[in-house]
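Residue-level structure breakdown
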Protein chains: 4
Amino acid sequence: MNPIYQDLKIQCFQANKQLPALGLVLFTFGNVSVADRSLGVFAIKPSGVPYDALQAEDMVIVDFEGQAVEGALRPSSDTKTHAVLYKHWEQIGAVAHTHSTYATAWAQTQLDIPILGTTHADHLTVNVPCAPPMSDEMIAGDYERETGFQILQEFDRRGLDYREVEMILVGNHAPFTWGKTADKAVYNSAVLEEIARMAYLSVTIRPGVPRLKEALIQKHYLRKHGKDAYYGQ
Amino acid sequence: MNPIYQDLKIQCFQANKQLPALGLVLFTFGNVSVADRSLGVFAIKPSGVPYDALQAEDMVIVDFEGQAVEGALRPSSDTKTHAVLYKHWEQIGAVAHTHSTYATAWAQTQLDIPILGTTHADHLTVNVPCAPPMSDEMIAGDYERETGFQILQEFDRRGLDYREVEMILVGNHAPFTWGKTADKAVYNSAVLEEIARMAYLSVTIRPGVPRLKEALIQKHYLRKHGKDAYYGQ
Amino acid sequence: MNPIYQDLKIQCFQANKQLPALGLVLFTFGNVSVADRSLGVFAIKPSGVPYDALQAEDMVIVDFEGQAVEGALRPSSDTKTHAVLYKHWEQIGAVAHTHSTYATAWAQTQLDIPILGTTHADHLTVNVPCAPPMSDEMIAGDYERETGFQILQEFDRRGLDYREVEMILVGNHAPFTWGKTADKAVYNSAVLEEIARMAYLSVTIRPGVPRLKEALIQKHYLRKHGKDAYYGQ
Amino acid sequence: MNPIYQDLKIQCFQANKQLPALGLVLFTFGNVSVADRSLGVFAIKPSGVPYDALQAEDMVIVDFEGQAVEGALRPSSDTKTHAVLYKHWEQIGAVAHTHSTYATAWAQTQLDIPILGTTHADHLTVNVPCAPPMSDEMIAGDYERETGFQILQEFDRRGLDYREVEMILVGNHAPFTWGKTADKAVYNSAVLEEIARMAYLSVTIRPGVPRLKEALIQKHYLRKHGKDAYYGQ
């Protein structure tokens, strides 16, 4: 094993192990990747390997075209989706994909997760976007690569900035989240699942519940993220 | 104890112990059997024994007519259902039966679990079938044996192949799953429970939610199961 | 401490400790009692003592009129309800009371839990009865004692046999269960919670879901409980 | 560190650690403060510090105007809300704030949690109040301080006594609870979450479910809290 990738593999391994610890995956239904932009590669979980059996040295090194660079195992079947996001969104350092229960249930409805409270607004100022299911042509093509483009196009279409909105639902499929670091990408997956759960409960208590008012959205987002943020240390 | 059955009993014991570990059983509400086709028998959990107290040597050896061959305890009351499935479906190596919460709740509605997302399509290309409740005649007859025939007939009626669809709900009762191996049969029980949970959430968020489009169904199933499958190692 | 009650207190203590282990109580919201008919008394949890701090010697001995016989602590505030049940139902050996989430949510609706599947029919052949909320006169009177009579009267009104139906919801309050032994009473509380959860899911998937057919009700109940029962060892 | 605050910090630390143990917080989404009225200060969790990494000496000492008195870290961003409550409600000794799932989902609906059962009435005799979302002016002003005033005003508007109703939902935000002691404030957060969960289930089983009758409300509250209370030791 090339020692140059050692640290990256360990980071990726540790990030992947957080998914079952946070209750976000059943069996192998998820994967995290972590990029090293100076090396032009990312590490990603191998395909279909159970989390219990996973080792740091199993992580696969892949370039931003989705080509395997190093590793004895085949990378996650979702690798090309990760590669597209890294290639086009230059400031992300990690990507997480899960089939977490509530977020995936929303994806199955093809609906955005509406912004209903400050827990949501602490993290993003808009609904969690749900990209429509892909066209038959995209599905029949290079499917996982096209999944990446479906995400990019939905952000373009809505005028969203991936540095501010770090999560999406792919319609009928499941969530993808990202961030500058591995911890942030995984954190976003857990936050998304909790937002999805709260929104589920609110819309089943009160169908047609109104969206959070704009003043609260801006206040909560900016106290955590603006230049005058005062949350945290 | 006949040493010829030793390995089979251990396999069966370990598979049964996975059910509580995966959160799929309360008390004794479930059982797994594992077949040895060369010996023409299967091992199955004894009836009504709590999972905590279960030992490998408690497993009961039964033939494909449902007759006990070896074992000090009475086999599961569902034994004849397992026997019918082994006898008629020659390529299955294990059967699991649980009363897992969400799958059983769907069975109680007498509705199929609709195929709404790729988590489902990764495992089967159709709705999870729900067999109608059995006729009064079948219930009054050899009930557990008839339960097996109810399953077989539902597969015939729908033109399903048990090698592709490895799960069913028996209406008003509970799920049965199977597979080539004990691990696969238990895995299918856990996957079914998760599919059932996601579908529950989706249909309560959006009643009448549309079925997953055919192109996605085929794509996801084939990337895991077709001759050109590329998921896993 | 009178050594004559030693065994009874230990049984009662162990039964009470099962409630948090089974996820049936939050804080002190539950209690189990166990009777010794030869001594004409029952042991019951002391009022308001957290389960973590509970000790076997804390159990309070009470007679079937609800009068404390021995013990340094005040018995559960629900003691008189237990006493009424023991006095009038001569074949019960233990009573459990919880505020388990799903069963209590049903009690809050004042609706019976409908019999929808075999998990339910394995344990009782009728809906889980929900007694109406008590009259203002009963509430203003000897409330906990009247709660016991409310349960007895509901069984009389419906023509139910407490030896066959070992559970009830007290409307707007919470469940009570009982059995010949402490283990059975606690088991019934856990089964009731699971039945309540499954029924919750089924009625929210399919409002107006039909009741389980009579043939299945009888079959499942009798294979576990009739004179020709063949479930268990 | 000033030794005069040592005990208060330890109390506050232990109370904060109860939140994750009770399943009431994800990541850092919650905080508990504990007051020492003789010193005119309260201790509160530092902002954004994960519960796993939290130490007793990290607690920040703040006065009832919300000004930090001692501590190396920045106090919770919600500090001024706590300060307002301590300043105006002289008999409270601790305040807890969480984003627990069911309580927050109710807050997102802007609806009170209706009083439907005795689990609720054991703790308060009215619906759990949901304050309306704050005005744009309040949000644009000293937001966290105004959140405190929103709570005070809602109690005034409804004629509620903070010594009897120890919890509120802030509309579109999340719950706050309080009590004479740290244990009681945290206990109230857990009770509120359970009440919220039961009410969720009841209103989705039976939309429009009737409120608990007044006689039961008074009976249950008074047996635990009135001058003739007989619950507990």
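Now for a quick tour of the structure.

Definitions and cut-offs
- Residues numbered from 1 in each chain as written.
- Chains lettered and ligands numbered in written order.
- Predicted model: local features only at pLDDT ≥ 70, side-chain atom pairs only at ≥ 80, totals over all residues.
- Heavy atoms only, no water.
- Helix = DSSP H or I, 4+ residues; strand = E, 2+ residues; numbered from the N terminus.
- Buried < 20%, exposed > 50% of the residue type's maximum accessible area, 1.4 Å probe, protein only.
- Contact = heavy atoms within 4.5 Å.
- Areas by Shrake-Rupley, 256 points an atom, 1.4 Å probe, with all protein chains shown as cover.
- Lys, Arg positive; Asp, Glu negative; His and termini not counted.
- Charge placed at Lys NZ, Arg CZ, Asp CG, Glu CD.
- Buried area = accessible area lost by both parts, 1.4 Å probe.
- Salt bridge = Lys/Arg side-chain N within 4 Å of Asp/Glu carboxyl O.
- Polar contact = N/O pair within 3.5 Å; in protein donor to acceptor, adjacent residues only side chain to side chain.
- Nonpolar A, V, L, I, M, F, W, Y, C, P; charged D, E, K, R; others polar.
- Least-squares fit on C-alpha atoms with pLDDT ≥ 70 in both.
- Pairing = 2+ DSSP bridges.

1. Considerations on the overall build of chain A
Looking only at helices and strands, chain A features 8 helices and 8 strands. By residue count, 61% of the 233 residues in chain A fall in the buried class. Restricting the contact set of chain A to residue pairs at least 6 apart, pairs at least 24 apart contribute 62%. Just so you have it, chain A exposes about 8400 Å², and 48% of that area is on carbon and sulfur atoms. Averaging the positions of the 21 positive and the 27 negative side-chain charges in chain A gives two centres separated by 7 Å.

2. Quick notes on the interface of chain B and chain A
Contacts between the two partners involve 35 residues from chain B, matched on the other side by 34 residues from chain A. Three residues stand out in chain B for area buried against chain A, namely Leu201(B), Ile205(B) and Gln233(B), and they jointly supply 21% of the buried area on that side. In this structure, the connection of chain B to chain A is made through 3 salt bridges. In this structure, the salt-bridge partner of Glu144(A) is Arg223(B), at a minimum N-O distance of 2.6 Å. At the junction of chain B with chain A, the criterion picks out 21 residue pairs in polar contact (both at pLDDT 80 or more). Among the secondary structure elements, those contributing two or more residues to the side of chain B that touches chain A are helix 4 (118–121), helix 7 (182–205) and helix 8 (214–225) of chain B. Considering only residue class, the side of chain B that touches chain A consists of 18 nonpolar, 9 polar and 8 charged.

3. Topic: unusual backbone geometry
Residues and elements named next belong to chain A. The backbone of Gln110 shows a phi angle near 65°, a positive value even though the residue is not glycine. Gln110 sits in the partly exposed class, given a relative accessible area of 30%. A positive phi is found at Asn172, a non-glycine position, where the angle reads about 65°. One can find Asn172 in the loop between strand 7 (167–170) and strand 8 (175–179).

4. Points about the interface of chain A and chain D
At the junction of the two partners, chain A supplies 35 residues and chain D supplies 34 residues. Both sides together, the interface formed by chain A and chain D hides about 3000 Å², and carbon and sulfur atoms give 59% of it. Counting the surface chain A buries against chain D, the share from its top three residues, Leu201(A), Ile205(A) and Gln233(A), is 21%. The interface formed by chain A and chain D includes 3 salt bridges. Between chain A and chain D we count 21 residue pairs in polar contact (both at pLDDT 80 or more) in total.

5. A closer look at the relation of the copies chain B and chain A
Superposing chain B onto chain A takes a rotation of 90° combined with a translation of 0.0 Å along the rotation axis, leaving an RMSD of 0.0 Å. Viewed as a symmetry operation, the transformation between the two copies matches a four-fold axis. In terms of proximity to the rotation axis, the leading residue of chain B is Thr204(B), whose C-alpha is 5.1 Å off the axis. The two copies present different faces, since only 6% of the interface residues in chain B are matched by interface residues at the equivalent positions in chain A.

6. Quick look at the sheet that holds strand 1 (residues 30–36) of chain B
Residues and elements named next belong to chain B. Spatial strand order, 4-3-2-1-5-8-7-6: 8 strands in an open sheet with mixed pairing. Of all the strands in the sheet, the pair left with one neighbour each is strand 4 (68–70) and strand 6 (130–131). Across 4 bridges, the pairing between strand 5 (residues 94–98) and strand 8 (residues 175–179) is antiparallel. In the strand pairing of strand 8, Ala96 is matched with Thr177.

All quantities given are derived from atomic positions and should not be read as evidence of function.
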